[in-house]
Amino acid sequence: MSIPTISLNCASQEEIASSLREACINVGFFYLEDHSIPQSLLDNVFIQSKQLFCLPMQQKRELSDSILTRGYTRFGEETLDPINQIRGDTKEGFYIGDEVDVQHMDPKKLKGPNVWPTNANCSMTDEESRLFRDTMERYRREAVRVCMELVRYFAISLTSSNPHLFDEYFTEPSTFIRLLHYSAEESAPSEGVYACGAHSDYGMLTLLLTDDNPGLQIQTKDGTWVDVPPKKGAFVVNIGDMFERWTNGLFKSTVHRVITPKDANERYSVPFFFEPNFDALVECLESCCNKDNPAKYPPITAGENFLN
């Protein structure tokens, strides 16, 4: 299996939509080029991420909100494949969601303020913490723009004509930036040790920004694991379980994992999770079902899908 590459600088919307449809039906993953996010911004996201993870462990642990699922997660805290893992993933992370002030927060919908590093809660200077937040907020805006562009191409690919099929579901999209730092510890799948255990993403769409270190793998239909090498300047994009559900299984949410090879460097990556409005009702699209292929899944809201 090869990972297709899709450019947003193609001649026509129909060509892009057709390529996306083929990629999502056959692989569930693709590289995305010519997305127009400046390389300087992508580089700066990694610079800021590394600075955050270089903080002393005690300071990082203070930067956490377990109620809203924001901020720091320690090495080994997540076990994404509990059947095959004997201990947690060999990575640490930092969640950044949509910024909602305290007056409008809603913990039931995981809406509220982020946990930002500041001079008051860690050893970053005021200028360093300001630059960290500014970089992440700018990156979120750019990633949302790219995701909305993809969503409209997906709409064309599923209707042949209407790019605005999904617009009403993304008036207030839910987004998460996840900064990840993998240790250099070698993975040992036969011993249950993984950098990131095998899983599929739960939601709609993931843009993955990764450094130049290998590790990501996807699983083919026959169970074989295939490497997804880093590609400078390109995102690795995959669809999640909710989009598979929305398309009645036409688009594939592919299982993936991260394996740290022997003598590897530490690895950094930044998945950006893009989801519909929390209350958006996800039910089988008319173009994806008929009397011979009825809906396989009952309707569910995006929020219920997330919380489940």
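Located above this text is the structure these notes cover.
(A) Region of the structure containing the overall build of the protein chain. Check the secondary structure of the protein chain and you find six helices and 15 strands. In terms of overall size, the protein chain behaves like a compact globule, its C-alpha atoms giving a radius of gyration of 19 Å where 308 residues would be expected to give roughly 19 Å. Based on the C-alpha atoms only, the size of the protein chain along its principal axes is roughly 60 × 50 × 40 Å. The burial tally for the protein chain puts 52% of its 308 residues in the buried class. Considering only contacts within the protein chain whose residues lie at least 6 apart along the sequence, 76% involve residues at least 24 apart.

(B) Region of interest: the sheet that holds strand β3 (residues 64-65). Read across the sheet, nine strands follow the order β1-β2-β11-β8-β13-β6-β5-β4-β3 without closing on themselves; strand pairing throughout is mixed. The open sheet has two edge strands, β1 (5-7) and β3, and neither has a second partner. Across four bridges, strand β8 (residues 205-210) lies against strand β11 (residues 235-239) in antiparallel orientation. Along β11, the bridge assignment pairs Leu208 with Val236.

(C) Structural view of helix α4 (residues 126-159). In this model, α4 (34 residues) spans 49 Å end to end at C-alpha, consistent with the 50 Å of a helix rising 1.5 Å per residue. Once α4 ends, the next one or two residues include Ser160, with phi positive near 75°.

(D) Here's a closer look at the packing of helix α2 (residues 39-53) against α4. Between α2 and α4, the least distance of the axes is 10 Å, while the angle of their chain directions is 135°. Considered as vectors, α2 and α4 are oriented oblique to each other. Relative to α4, the crossing made by α2 is left-handed. Along the contact surface, α2 presents Leu41, Leu42, Asn44, Val45, Gln48, Ser49, Gln51 and Leu52, while α4 presents Glu128, Leu131, Phe132, Thr135, Met136, Arg138, Tyr139 and Glu142. Residues belonging to the contact of α2 with α4 are distributed by class as follows: eight nonpolar, five polar and three charged.

(E) Geometry of the pattern of salt bridges. This model, assessed by the stated rule, comprises 16 salt bridges. Where Arg74 meets Glu77, a salt bridge forms, and the shortest distance between an N and an O atom there is 3.3 Å. What makes Arg74 partly exposed here is its relative accessible area of 40%. By relative accessible area, which is 37% here, Glu77 ends up partly exposed. Put simply, Glu78 and Lys91 hold a salt bridge, and the shortest N to O gap is 3.0 Å. Of this pair, Glu78 sits in the loop between β4 (70-73) and β5 (91-97) while Lys91 is found in strand β5, placing the two residues 13 residues apart along the sequence. A relative accessible area of 4% means that Lys91 is categorised as buried.

(F) Region of the structure containing the layout of surface pockets. In this structure, the largest pocket occupies an estimated 540 Å³ of space. In this structure, the largest pocket is lined by 28 residues; those nearest its centre are Leu80, Arg178, His199, Asp201 and Phe273. Elements represented by at least two residues in the lining of the largest pocket include exactly β5, β6 (174-182), β7 (196-199), β8, β11, β12 (256-258) and β13 (267-275). Around the second largest pocket, the lining comprises 17 residues; the ones closest to its centre are Phe46, Thr210, Asp211, Asp212 and Lys232. Secondary structure elements with two or more residues in the lining of the second largest pocket: α2 and β8.

(G) The arrangement of the state of the cysteines in detail. Per the stated rule, a full pass over the model turns up zero disulfides. Here Cys24 is not disulfide-linked; the sulfur of Cys288 is the nearest cysteine sulfur, at 11 Å. Among the residues examined, Cys288 registers a relative accessible area of 8% and is labelled buried.

(H) Examining the sheet that holds strand β9 (residues 216-219) more closely. With antiparallel pairing, the four strands of this open sheet are ordered in space as β7-β12-β9-β10. On the outer flanks of this sheet lie β7 and β10 (225-227), each paired with one strand and no other. Direction aside, the axes of adjacent strands within the sheet are offset by 25° on average. Bridge count for β7 against β12 is two bridges, and the pairing is antiparallel. Its bridge partner being in β12, Cys196 is matched across the sheet by Val258.

The rules we used
- Residues numbered from 1 in each chain as written.
- Predicted model: local features only at pLDDT ≥ 70, side-chain atom pairs only at ≥ 80, totals over all residues.
- Heavy atoms only, no water.
- Helix = DSSP H or I, 4+ residues; strand = E, 2+ residues; numbered from the N terminus.
- Rg over C-alpha atoms; globule rule 2.2 N^0.38 Å.
- Buried < 20%, exposed > 50% of the residue type's maximum accessible area, 1.4 Å probe, protein only.
- Contact = heavy atoms within 4.5 Å.
- Pairing = 2+ DSSP bridges.
- Expected span 1.5 Å × (residues − 1).
- Axes fitted to C-alpha atoms, helices over the stretch in contact; angles between N-to-C directions.
- Parallel < 35°, antiparallel > 145°, perpendicular 65-115°, else oblique.
- Left-handed = near helix turned anticlockwise from the far one by under 90°.
- Nonpolar A, V, L, I, M, F, W, Y, C, P; charged D, E, K, R; others polar.
- Salt bridge = Lys/Arg side-chain N within 4 Å of Asp/Glu carboxyl O.
- 1 Å grid on protein atoms, 1.4 Å probe; cavity = no way out; pocket = protein on both sides within 12 Å on 5 of 7 lines; lining within 4 Å.
- Points joined across faces, edges and corners; volume = space filled by probe spheres on them.
- Disulfide = S-S within 2.5 Å.

Everything listed is a geometric property; what it means functionally is a separate question.
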